Structures are given as structure tokens and as C-alpha cells.
Amino acid sequence: MTFENTLEFAKKLDASDALASYRNEFHYPQVNGKDVIYFTGNSLGLQPKRTQKFVDEVMKDWRELAVEGHFYADKPWWDYHERLAEGLGKVVGAKPKEVSVMNTLTVNLHLLMVSFYRPTEKRFKIICEEKAFPSDQYMLQSQVRYHGLNPEDAIVEVKKRDGEHAWRTEDIIQKINEVGDELALVLMGGVNYYNGQVLDMGAITKAGKGVGAYVGWDLAHGVGNIKLNLHDWDADFAAWCSYKYMNSGPGNASGVFVHEKHLGKEDIPRFEGWWGTKKETRFLMKPEFDPIETADAWQLSNPPILSIAPYLASLELFNEVGMDALIEKQKTIVAYLEYVLHEIDKEVESTFEIITPADRGCQLSVFLHGEGKSIFDYLMKKGVITDWREPNVIRLAPAPLYCSYEDMYRFGQILKEGIQSK
């Protein structure tokens, strides 16, 4: 497609967009009496309008049924989380029994590490990416120290090549093979939070398994954003938050994936609680743990219904649209945003350097050479909600469910005005 940086062309793209009507499914903050241009779905997704109904339903059941809501609500609370399994399986490329919803992301990564980081005297090293998200770094370091090991010895970071902004798959695989039979675990962010790069998770998983290691993925920036095939890739586990591209609300419940080959095993190391026991025997209060033969076995406590209700509301939207349709629009709208940036670059003295490689999802990370944080402040005052990372990177994530092509054009014009008004 040949793009044009004009309002008329942007409106033409919106008119032919099969997902354009879903924009009306969301609430938008307003600045200066207008809906914002929202580029931070990679941090917190907008609220779907239907969320209120799902939350109100739970509040009504709590008000009218109290404890009996566990069994007699329209959506009984004791198995409420199970309603997400099939839809989430489609989003992450898994069987329904391989997914569950519980806790929050870093909590779940810690719980999964109990099962899948089992260091021995010889095999104790973990491979992650250079400058992983800080929470992942802290989690890995604390897990290693818990086992009496030194993080400097046990954690191996794969670095980007000098002068490059993205990782090369061959470098990651080379490092996996280099560590070899000392490697216990590969645990990386499938989509990098800073540069927006999508790693070749299939190839990396295969390489890790090839040297006898477990392989897991932090998919905070992946779920609801890119095509995932966790089961077919043979990943051992994964975890993700639900409040970014999945629009479930601030700090909301996390999802987990555990490959079916690890399910139904009583001898797997795992921190356990009563909600991971089989439903048939849970209320018999038996002293022995009897694991559910699904990923629900990793649950500890009864699910937080008021957290999961917004997740179920948003997941309903994803199931209506389907990941294939979302990704089709994502590719086009991100390409149009990239085009707009290049066109504006020609009209201003500053230069823009897009550091996100072609393997990407919704996000473009852009160095604004010649600009400081004042341009970010200008954008925010004009109703463009973006994310700033030091020293001068702006992260732009046009989520296809609620961003329009006209948003991309208008952003370019506001960016140009901000630079030229200095």
C-alpha cells in the first residue's frame, strides 16, 4: 500500500477498517475537551465500556447472595476463572487446560520458578536478555540467591552487538549452546519492553530444549499483541499481566501457561494451596494435596473475582475480533505510524531514529535526536498520551482495538508543531 500523510488518506483508511467500530467500545480520557490520542496500551489499556456490567454483576451477587455467590451466582465464583481458559488459550496458542488466571505477574514467575528452576551442582545457569525489565532482574537474582548461588555466576545475559539496538537470534542461540549442559533455564521477555522487539520464541525455545534446559517466557508485552503458539513451540511455561494490551485494569490478575506434559504430576516441585486441588475433593478438606490436572494446579487461593471480571469483559472483545484480525490491523497501523514519523522527520530539524526492528508488535520506540523531555510534555498537554524513557526515547503503541489511522496523522501534526514551536 502506498501511504499518504494527509487527513483525507487517514480517514479513508479508517473508513475501510473492519475493526473501526470497536473504537466505540472504550472509554477515553479527555484533554482540552477532546478524546486523547492514546499510545500507552503497552502500559495500561483503556477501559472497555462493557467492563462496568461485568463488575456490577459481581457486586450485585455479593450484595444479594453474600457467601452463596460462590455457588449460586449466574457466574458462580468458585469456578469463575475457568471461563477465561478457552479464550485465553486462543490468544496465547495453548490448550485451555494449559492456562490459568491468578495472582500478578512477578508472583506467578516466582511460583513457576519453583517448578522449573531446579539448579544442580553442574546445571545451574539462567539465560536472560541484557537489561531485562527490572522486576524480572530482581526476581531472577532473588531466586538464584535463594538457592545459595551467586547471581554473577548463575545469570548469563545475552547482549546486543555494539552499536545495535536489537538482539540477533543467532547470538541468543549461540549463547545457549555455549552455556550448554550448565544451562538450567532460559527465561526472557518475549517482547522487549524498551525497544518493542519480538524475539523468535520458537527458535529460542527449540535451542534451549536442545541443550536440556527448561524454557519460559515473560509475555507482559506479548499477550494480546502478537501471534503466540506456546503449545506448539513446546515452551515449558509462561506468565503475563492482563492490564496492558488485554485491558483488564490497573495491576490486575495475571495469566500463566504450563505445557500439558507437566500437568497432572504429583511429584513436580510446586508451592501449593487448596485451590489447586481437584474440585471434586476440595471441600472434603483432605490433608493430602490432590492436584487438578490442569494449570489450575498452580493456584494457591480462591480467585479474586473483582479482578477477574474486567479480564473476562475484555477477553470477550478479543474473542469477538480474533487475534488474526487484530494482527492484520496492527501491522498496517504501525506501518502507517512509521511512515508518518518519516514524513515529519523531513519537515523538522530534529531527526527520529526508530530502534524497533521489523520483528515487532504494536510498539515503535523512537530516539528523538535533538529533543529533550519538553517535547513529551508538549505532547501530553495537547492530549497525546505517550511514554518517555531516558535519555530521549518515546514509546508509541497504537493498539488496534481502539486506535485509529486519523490518530496517527493527528499525532504527526502535533509532534511537528511541538518541535517547530521551540
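Structure: see above.
Being a predicted model, the structure only gives us computed values, none of them experimental. (Residues numbered from 1 in each chain as written. Predicted model: local features only at pLDDT ≥ 70, side-chain atom pairs only at ≥ 80, totals over all residues. Heavy atoms only, no water.)

Colleague: Is there a simple way to explain the sheet that holds strand β4 (residues 99-102) in this structure?
Modeller: Sheets are built from strands paired through backbone hydrogen bonds, the pairs being either parallel or antiparallel. With mixed pairing, the 7 strands of this open sheet are ordered in space as β4-β10-β9-β8-β7-β5-β6. Both outer strands of the open sheet, β4 and β6 (155-158), are each paired with one neighbouring strand and no more. Sheet twist, expressed as the mean angle between neighbouring strand axes with direction ignored, is 20°. As judged from the 3 bridges shared by strand β5 (residues 125-129) and strand β7 (residues 183-189), these two strands associate in the parallel manner. When the sheet's bridge partners are listed, Lys125 is paired in β7 with Leu183. In the packing of helix α4 (residues 85-92) onto the sheet, contacts are made with β4 and β9 (237-240), and the angle to β4 comes to roughly 110°. (Pairing = 2+ DSSP bridges. Helix = DSSP H or I, 4+ residues; strand = E, 2+ residues; numbered from the N terminus. Axes fitted to C-alpha atoms, helices over the stretch in contact; angles between N-to-C directions. Contact = heavy atoms within 4.5 Å.)

Colleague: What should I look at first to understand the packing of aromatic side chains in this one?
Modeller: In this description, an aromatic ring pair is defined by two values, namely the gap between the centres and the angle between the planes. Counted by the stated rule, this structure contains 20 aromatic pairs. Measuring from centroid to centroid gives 5.1 Å for Phe3 and Tyr336, while their planes differ by 65°, and the two rings are edge-to-face. Residue Phe3 is found in the segment before α1 (7-15), and its partner Tyr336 is found in helix α13 (residues 323-345); the two are separated by 333 residues along the sequence. On the basis of relative accessibility, which here comes to 15%, the residue Phe3 falls in the buried class. On the basis of relative accessible area, Tyr336 is assigned to the buried category, the value being 0%. Here the aromatic residues Phe3, Phe9, Tyr336, Tyr339 and Tyr405 are joined through ring pairs into a cluster of three or more. Lying over the aromatic face of Trp167, Lys160 brings its terminal NZ or CZ to 4.1 Å of the ring centre. Just above the ring of Trp78 sits the side chain of Lys279; from NZ or CZ to the centre is 4.8 Å. (Phe/Tyr/Trp six-rings, centres within 6.5 Å; stacked < 30°, edge-to-face > 60°. Buried < 20%, exposed > 50% of the residue type's maximum accessible area, 1.4 Å probe, protein only. Lys NZ or Arg CZ within 6 Å of the ring centre and 35° of its normal.)

Colleague: Hey, could you run me through the nonpolar core in this one?
Modeller: Note on soluble globular proteins: their nonpolar side chains tend to be buried together. In terms of nonpolar packing, the biggest core is built from 102 residues, with Trp217, Trp240, Tyr336 and Leu341 touching the most fellow members. Split by domain, the residues of this core number at least three in each of domain 1 (7-48 + 322-421) and domain 2 (79-321). With 29 residues, the next largest nonpolar core counts Leu105, Leu112, Leu263 and Trp298 among its residues. (Core = buried A, V, L, I, M, F, W, Y, C linked by side-chain atoms within 4.5 Å. Domains from an automatic or database assignment.)

Colleague: Is there a simple way to explain the pairing of β5 in this structure?
Modeller: Each regular strand displays side chains that alternate between the two surfaces of the sheet. Counted residue by residue, β5 has 5 buried out of 5 residues, so it is predominantly covered. With burial as the criterion, each face of β5 is covered, one bearing Lys125, Ile127 and Glu129 and the other bearing Ile126 and Cys128.

Colleague: Hey, could you run me through the pattern of salt bridges in this one?
Modeller: Side chains that carry opposite charge are capable of pairing whenever their charged atoms lie near each other. Here the structure, examined in full by the defined rule, presents 33 salt bridges. We note a salt bridge from Arg23 to Asp407, for which the minimum N-O separation is 2.9 Å. Separated by 384 residues along the polypeptide, Arg23 in the loop between α1 and β1 (30-31) and Asp407 in helix α15 (residues 405-420) bring together distant segments of the chain. A relative accessible area of 2% places Asp407 in the buried class. Across the pair Lys278 and Asp290 runs a salt bridge, and its minimum N-O distance is 3.8 Å. Highlighted residues: Lys278 in the loop between β10 (254-258) and α11 (279-282) and Asp290 in the loop between α11 and α12 (305-321), separated in sequence by 12 residues. Residue Lys278 is classed as partly exposed on the basis of its relative accessible area of 26%. (Salt bridge = Lys/Arg side-chain N within 4 Å of Asp/Glu carboxyl O.)

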